[in-house]
Amino acid sequence: MKENTVRVIKIGKEALYEFLYENIISQEESLLQVPATEVMNHFAMDWEKGEFIFMAHKAEDADGELIPLPKGIQPETLLKALPETAESLLERGKVYRDYSFEELKELCGENEDNDGK
């Protein structure tokens, strides 16, 4: 670079979201300790709070059938309901927490009154 020159990148929300998502995908195996080819991913972003949720679950059952994320589980709802799992993704160690489908359905139902509770 030339002296007295500043090289700048400025991006908007969509590009920032894409950058964050793609970086998590590229590091999925080390961050979540799962083979990336064996999981399905789901994600959401809350721009006002500056929070991002990335979820992965086993893609296929023992018979090779796809395992969809149950309809009662919404990443946007979980983004509001779940605590942060790590202060930094750059630190070593476990940065994720495991939840069952049932636990997540319950959290989604409690936060959106989907089941009349």
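What comes next concerns the included structure.

Conventions adopted
- Residues numbered from 1 in each chain as written.
- Predicted model: local features only at pLDDT ≥ 70, side-chain atom pairs only at ≥ 80, totals over all residues.
- Heavy atoms only, no water.
- Salt bridge = Lys/Arg side-chain N within 4 Å of Asp/Glu carboxyl O.
- Helix = DSSP H or I, 4+ residues; strand = E, 2+ residues; numbered from the N terminus.
- Buried < 20%, exposed > 50% of the residue type's maximum accessible area, 1.4 Å probe, protein only.
- Pairing = 2+ DSSP bridges.
- Expected span 1.5 Å × (residues − 1).
- Arc of directions from axis to C-beta.
- Contact = heavy atoms within 4.5 Å.
- Core = buried A, V, L, I, M, F, W, Y, C linked by side-chain atoms within 4.5 Å.
- Patch = residues over 30% accessible without salt bridge, like charges linked within 9 Å, V, L, I, M, F, W, Y side chains within 5 Å.
- Areas by Shrake-Rupley, 256 points an atom, 1.4 Å probe, with all protein chains shown as cover.

What follows is about the pattern of salt bridges. Across all of its chains, the model carries one salt bridge by this definition. With a shortest N-O distance of 3.0 Å, Lys-105 and Glu-102 are connected by a salt bridge. Taken together, the positions of Lys-105 and Glu-102, both in helix α4 (residues 101–112) and three residues apart, correspond to about one turn of that helix. With a relative accessible area of 32%, Lys-105 lands in the partly exposed category.

Moving on, we come to the pairing of strand β1 (residues 39–46). With eight bridges joining them, β1 and strand β2 (residues 51–58) adopt antiparallel strand pairing. Looking at β2, one finds that Phe-43 is bridged to Phe-54. The hairpin formed by β1 and β2 contains four residues between the paired strands, and Gly-50 there has a positive phi angle of roughly 70°.

A few words on helix α1 (residues 13–26). Because each turn of an α-helix spans 3.6 residues, side chains separated by three or four positions in sequence point in the same direction. Relative to the 20 Å expected for 14 residues at 1.5 Å per residue, α1 spans 20 Å between its end C-alpha atoms, a close match to the ideal helical length. Three or more residues of α1 are buried, namely Tyr-17, Tyr-21 and Ile-24. Angular distribution of buried residues about the axis of α1 spans 65°; they occupy a single face of the element. Relative to its buried face, α1 has exposed residues pointing more than 90 degrees away, namely Glu-18, Phe-19 and Ser-26. Buried residues in α1 make contact with α2 (28–32), β1 and β2.

Time to look at the environment of Glu-38. In this fold, Glu-38 is placed in the loop between α2 and β1. A C-alpha to C-alpha distance of 7.4 Å links Glu-38 and Glu-60, two positions 22 residues apart in sequence. In this view, Glu-38 contacts His-57, Lys-58 and Ala-59; residues no more than four positions away in its chain are not counted.

What follows deals with the nonpolar core. Inside soluble globular proteins, nonpolar side chains tend to come together where they are buried. Judged by nonpolar contacts, Ala-44, Ile-53, Met-55, Leu-69, Ile-73, Leu-78, Leu-79, Leu-82, Leu-104 and Cys-108 together constitute the single largest core of ten residues. Only β2, α3 (75–81) and α4 provide two or more residues apiece to this core. When near neighbours in sequence (up to four residues on either side) are disregarded, Leu-104 contacts Ile-73, Leu-78, Leu-82 and Tyr-99. Core analysis: the second largest hydrophobic core is formed by seven residues, Tyr-21, Ile-24, Leu-32 and Tyr-96 among them.

Here we take up a nonpolar patch on the surface. A cluster of nonpolar side chains, contributed by Ile-9, Ile-11, Leu-16, Phe-19 and Trp-47, occupies part of the molecular surface with about 530 Å² of accessible area. Relative to the assigned elements, Phe-19 resides in helix α1. Given the relative accessible area of 53%, Phe-19 is considered exposed.

Geometry only, nothing functional implied.
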